[in-house]
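Results of the structural survey
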Amino acid sequence: MTQELTSPSPAPQAPGTGRGPGWWRDAVIYQVYVRSFADSDGDGIGDLRGARERLPYLKDLGVDAVWLTPFYASPQADGGYDVADYRAVDPLFGTLQDADDLIRTAHDLDLRVIVDIVPNHTSDRHPWFQDPELSRQRYLFRPGKGESGELPPNDWESVFGGPAWTRTDRGDWYLHLFAPEQPDLNWDNPEVHTEFEAIMRFWLDLGVDGFRVDVAHGMIKAPGLPDIGHGAQAQLIGAQVLPFFDQDGVHAIHRAWRRLLDGYGDAHGRQVIGVAEAWAPTAERLALYVRPDELHQAFNFQFLNAPWQSDALRSVIDASLAATASVGAPTTWVLSNHDVVRHTTRLGGSLARARAATLLMLALPGSAYLYQGEELGLPEVTDLPDEVRQDPAFFRGGRATGAAGPGTDTESAPDGVAAAGGQDGFRDGCRVPLPWSGELPPYGFGPGGSWLPQPADWGGLTVAAQTGDAASTLELYRAALDLRRRLPGLGDGPMTWAPAPDGVLAFTRPGLLCTVNTLGHDVGLPAPGTPLLSSAPVTVDDATGRLPGDSCTWWAI
Ligand code: BGC
C-alpha cells in the first residue's frame, strides 16, 4: 500500500568536496553485473553499451549510483575478476569509449559510477606474471616442501577449493587464494602500490566516483606464511582471522588510498569513495576498514547472513550500528550480490520475506547496495545444467561456499537457507541475465541469446510486466526509494527501537516508524500511525494494525 507524502521535500545535497558528510553516507547503490545486465550486440553477454542504454531505468528506479563489476581485459577465468589489463576494456564488454560514454551518461542523469578494482591478484595473463623476472618480485612464489619441493609451501586452501598453490615448470610454487589463473600479488613490493595508485588515477580521470575494492581484506599475508593446521578453511573465512585474510597490515594500504581519494577529490571538487569488500569476523573488525582515514564504506555481510528472526536481526543491526558509529562511519547494508544466493531464495524461498527484508534494509540508517534483479524479486536459478556453469569454484570442487565468505554455507545455514541453498552454493544461479520484457527468453536481455539460460517462467517477472503493477516487487522498490529520497534524514539520521511483540521489530526513523513481522502469521498491534508503504497489504481497524506474516511496513508518524 503506497500513499503520497503530504509535504515532500528534497533531501539536502552533499557538498562537492572530498571531505565531510558526503553523498555516499546514505546512498542507494545498484550493482550492475555487466555480463548479465543488458546485451547491446547480440552475443548473449551483457556489455557497457547495453548498460548505458538502461541507465534511465536505474534513474527511474531511484538509485543514487551504480557499481559496475569488472569489465577490464580479462581471460574471464573468474567472471572478469582475473584482470590482464586494468586500463583496457575487454572486447566482450566494449571499448574504453563505451566506458567513457557510460560514465558521462550516468553523470548527465545525476547517477554516480563506482567501478571494481581487483588488487589482491591479477590474471595469470597479466604482463607482470608473464614476465619471468618481474613475476618473481611482484607475486608470491615460494619453494615447495618435501624432498624435491613436490609439496605446496603451506596448507592454505583456495577459496574456490583445492590447494592455494600451483607449481610452475620451474619447480617453485605461486600463491593464489582464488583460482590458479589469479596469482596473488606481492604487496611488500612498492611497485605494486605505485601501480594500483596509478590505475585508480586512470579511472578517476575518466570520471568514476569511486572503487569497490575486491578482497579488500586479502592483500597482506601473515609473515612467514604460516600453516593453519586444519582443513575446511573456506568455512572459516569471515569467522576468524586467517593468516591470509583480515591481517592488520591491509589497513596501511587503505589509508594510502584514502589519502589518494581525498586528495583527488579535493583537487577536482568531487567526492570519490572506496567501498571495501572485506570479510571480517566481527562488526568491530569490519569497522576498522571504515575508520576516518580508511575507506568510506564496507559491505555488511553479517547483516546479509542473518537469519530471518527478529532477535538475530536486531542484534546484528545493533552490533553493526555500534561498530560503525564508534568510527564515525555509516553502515553499508546489503542483501544480495553476485557471490551469494539471491535473498528471495536464501530467506526460505519466500518472496514475502525478501520484500520485507528489503524494506527493512532501506529503513535503516546508512547506505544500501542493491543487486540487479532483486528489484524484480528474482529467485536464484537452481537447475542450471552442469555444462553451462562457469563459476570456477564448481570446477575446483569447492564446497557450498560463496566466493568470499560463509554466506552460502548450506550446512550451517539458518532456517530456510539449507532447503533452498542455491545450486550447491555455486554462483552462476544468481548471475542469470535479467529479464526485461517479453514472454520468452532472452526476455529483452539483448538481440541474441543469454550466456546462461533463463528460466522459462520468467515472463511475469520482467521489468515490462511489473512496471505499473502496484503489487509488483519492482513498484515496491520504486516506492521505497522515492520515499527514502523525500524523507529528509531517513538515510543518515537517528534510529530508535520501539516496543514490539515477540517476533516483531519496530523502530523509529525521522518521519516514520518501521515494523517488521518475522513470523509466518499476522500480528496485531496498536497502529502506530498511517501506513506509508508495506511489503504486503496491511490493515488498520479500530486503531489496530494487522501486520501480515513476513512483512515490513513503514508508518507515517
Ligand atoms: C568477488 C568474486 C571473485 C573474488 C575473487 C570476490 O570477492 O566478488 O566474484 O570471485 O573476489 O576476485
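Data block above holds the structure.
The structure displayed is predicted, hence computed values, not measured ones. (Residues numbered from 1 in each chain as written. Predicted model: local features only at pLDDT ≥ 70, side-chain atom pairs only at ≥ 80, totals over all residues. Heavy atoms only, no water.)

**Quick look at the packing of aromatic side chains**
What the rule picks out here adds up to 26 aromatic pairs. Plain terms: the ring middles of Trp-497 and Phe-507 are 5.5 Å apart, the flat faces sit at 80 degrees to each other, and that makes the pair edge-to-face. On the criterion of sequence distance, the pair formed by Trp-497 in strand 14 (residues 496-497) and Phe-507 in strand 15 (residues 504-509) is long-range, its members being ten residues apart. Overall, the relative accessible area of 0% leaves Phe-507 in the buried class. An aromatic cluster is present here, built from Trp-67, Trp-279, Phe-299, Phe-301 and Tyr-369 joined pairwise through their rings. Of note, Arg-35 hangs over the ring of Trp-451, and the distance from its end group to the ring centre comes to 4.8 Å. Seen from the ring of Phe-141, Arg-136 lies directly overhead, with NZ or CZ sitting 5.9 Å from the centre. (Phe/Tyr/Trp six-rings, centres within 6.5 Å; stacked < 30°, edge-to-face > 60°. Helix = DSSP H or I, 4+ residues; strand = E, 2+ residues; numbered from the N terminus. Buried < 20%, exposed > 50% of the residue type's maximum accessible area, 1.4 Å probe, protein only. Lys NZ or Arg CZ within 6 Å of the ring centre and 35° of its normal.)

**Details of the sheet that holds strand 17 (residues 523-526)**
Spatial ordering of the open sheet is given by 17-20-19, a layout of three strands whose pairing is antiparallel. Two strands bound the open sheet, and with one partner strand each, they are strand 17 and strand 19 (539-541). Strand-to-strand twist across the sheet, computed as the mean angle between neighbouring axes with direction ignored, equals 30 degrees. In terms of strand pairing, strand 19 meets strand 20 (residues 544-547) through three bridges, oriented antiparallel. Pairing of Val-540 across the sheet is with Gly-545, part of strand 20. (Pairing = 2+ DSSP bridges. Axes fitted to C-alpha atoms, helices over the stretch in contact; angles between N-to-C directions.)

**Focus on the packing of helix 12 (residues 351-363) against helix 15 (residues 473-486)**
Put simply, helix 12 and helix 15 touch, their axes get as near as 10 Å, and they point 10 degrees apart. In this view, helix 12 runs roughly parallel relative to helix 15, as classed from their interaxial angle. Residues Leu-351, Arg-355, Thr-358, Leu-359, Met-361 and Leu-362 of helix 12 form the contact with helix 15, whose own contacting residues are Thr-473, Leu-476, Tyr-477, Ala-480, Leu-481 and Arg-484. The residue makeup of the contact of helix 12 with helix 15, split by class, is eight nonpolar, two polar and two charged. (Parallel < 35°, antiparallel > 145°, perpendicular 65-115°, else oblique. Contact = heavy atoms within 4.5 Å. Nonpolar A, V, L, I, M, F, W, Y, C, P; charged D, E, K, R; others polar.)

**Regarding the side chain of Asp-246**
Relative to the helices and strands, Asp-246 is located in the loop between strand 9 (210-213) and helix 7 (250-268). Taking relative accessible area as the criterion, Asp-246 reaches 1% and is therefore assigned buried. Polar contacts involving the side chain of Asp-246 include one to the side chain of Tyr-289, which spans 2.6 Å. With residues near it in sequence (within four places) discarded, Asp-246 still touches His-217, Val-241, Trp-279, Ala-280, Pro-281, Arg-285 and Tyr-289. (Polar contact = N/O pair within 3.5 Å; in protein donor to acceptor, adjacent residues only side chain to side chain.)

**With respect to the environment of Asp-339**
If you trace the backbone, Asp-339 turns up in the loop between strand 12 (332-334) and helix 11 (343-346). In the structure, Asp-339 is positioned 53 residues away from Leu-286 in sequence and 19 Å away in space, judged by C-alpha atoms. At 3.4 Å, the side chain of Asp-339 and the side chain of His-338 are in polar contact. Looking at Asp-339, its side chain comes within polar contact range of the side chain of Arg-431, at 3.1 Å.

**Digging into the site of the ligand**
Taken together, 16 residues sit near the ligand, with Asp-78, His-121, Asp-214, Glu-277 and Asp-339 positioned nearest. Between an oxygen atom of the ligand and a side-chain N or O atom of Asp-214, the distance comes to 2.8 Å. Within the side chain of His-338, one N or O atom sits 2.9 Å away from an oxygen atom of the ligand. Residues that form the shell around the ligand fall into these classes: six nonpolar, three polar and seven charged. (Near = heavy atom within 4 Å.)

**Description of the packing of helix 6 (residues 190-205) against helix 7**
A pair of packed helices is captured by two measures, namely the crossing angle of their axes and the spacing between those axes. Across the interface, helix 6 lies against helix 7 with an axial gap of 11 Å and an inter-helix angle of 30 degrees. Considering their axes alone, helix 6 and helix 7 lie roughly parallel with respect to each other. You can see that helix 6 and helix 7 cross each other, and the crossing is right-handed. Of the residues in helix 7, those touching helix 6 at His-193, Phe-196, Glu-197, Met-200, Arg-201, Leu-204 and Asp-205 are Ile-253, Ala-256, Trp-257, Leu-260, Leu-261 and Tyr-264. Considered class by class, the residues forming the contact of helix 6 with helix 7 number nine nonpolar, one polar and three charged. (Left-handed = near helix turned anticlockwise from the far one by under 90°.)

**Here we look at the pattern of salt bridges**
Taken as a whole, this structure holds 31 salt bridges when the rule is applied. A salt bridge links Arg-138 to Glu-191; its shortest N-O distance comes to 3.1 Å. Of the two residues, Arg-138 is situated in helix 5 (residues 132-138) and Glu-191 in helix 6; the sequence distance between them amounts to 53 residues. As a salt-bridge pair, Arg-478 and Glu-475 come within 2.9 Å of each other at their nearest N and O atoms. Residue Arg-478 and its partner Glu-475 are located together in helix 15, separated by three residues, close to a single helical turn. Judged by its relative accessible area of 12%, Arg-478 is buried. A residue is classified by how much of its surface remains accessible, and Glu-475, at 18% relative accessible area, is buried. Through salt bridges with shared partners, a single network forms among Asp-78, Asp-339, Asp-391, Arg-427 and Arg-431. (Salt bridge = Lys/Arg side-chain N within 4 Å of Asp/Glu carboxyl O.)

**Brief notes about helix 15**
Between the first and last C-alpha of helix 15 there are 20 Å, a value that for 14 residues agrees with the 20 Å anticipated at 1.5 Å per step. Among the 14 residues that make up helix 15, twelve are buried, leaving the element largely enclosed by the rest of the structure. By the burial criterion, the buried members of helix 15 are Thr-473, Leu-474, Glu-475, Leu-476, Tyr-477, Arg-478, Ala-479, Ala-480, Leu-481, Leu-483, Arg-484 and Arg-486. (Expected span 1.5 Å × (residues − 1).)

**Focus on the environment of Leu-481**
Looking at where Leu-481 falls in the secondary structure, it is placed in helix 15. Residue Leu-481 is classed as buried on the basis of its relative accessible area of 1%. Leu-481 sits 179 residues away from Gln-302 along the chain, and the two C-alpha atoms are 23 Å apart. Those residues within four positions of Leu-481 in sequence are excluded, and the remaining contacts are Val-28, Leu-61, Gly-62, Val-63, Leu-362 and Leu-370.

**Here's the deal with unusual backbone geometry**
Excluding glycine, a negative phi dihedral is what most residues carry, and trans is how most peptide bonds are arranged. Residue Pro-442 is reached from Pro-441 by a cis peptide bond, and omega for that bond is 5 degrees. Along the polypeptide, Pro-442 turns up in the loop between helix 13 (392-395) and helix 14 (463-466). Here the phi dihedral of Leu-225 falls at roughly 45 degrees; this positive angle occurs in a residue that is not glycine. By the secondary structure assignment, Leu-225 is in the loop between strand 9 and helix 7. Judged by its relative accessible area of 11%, Leu-225 is buried. With a phi angle near 65 degrees, Ala-543 is a residue other than glycine that sits in the positive phi range. On the secondary structure map, Ala-543 appears in the loop between strand 19 and strand 20.

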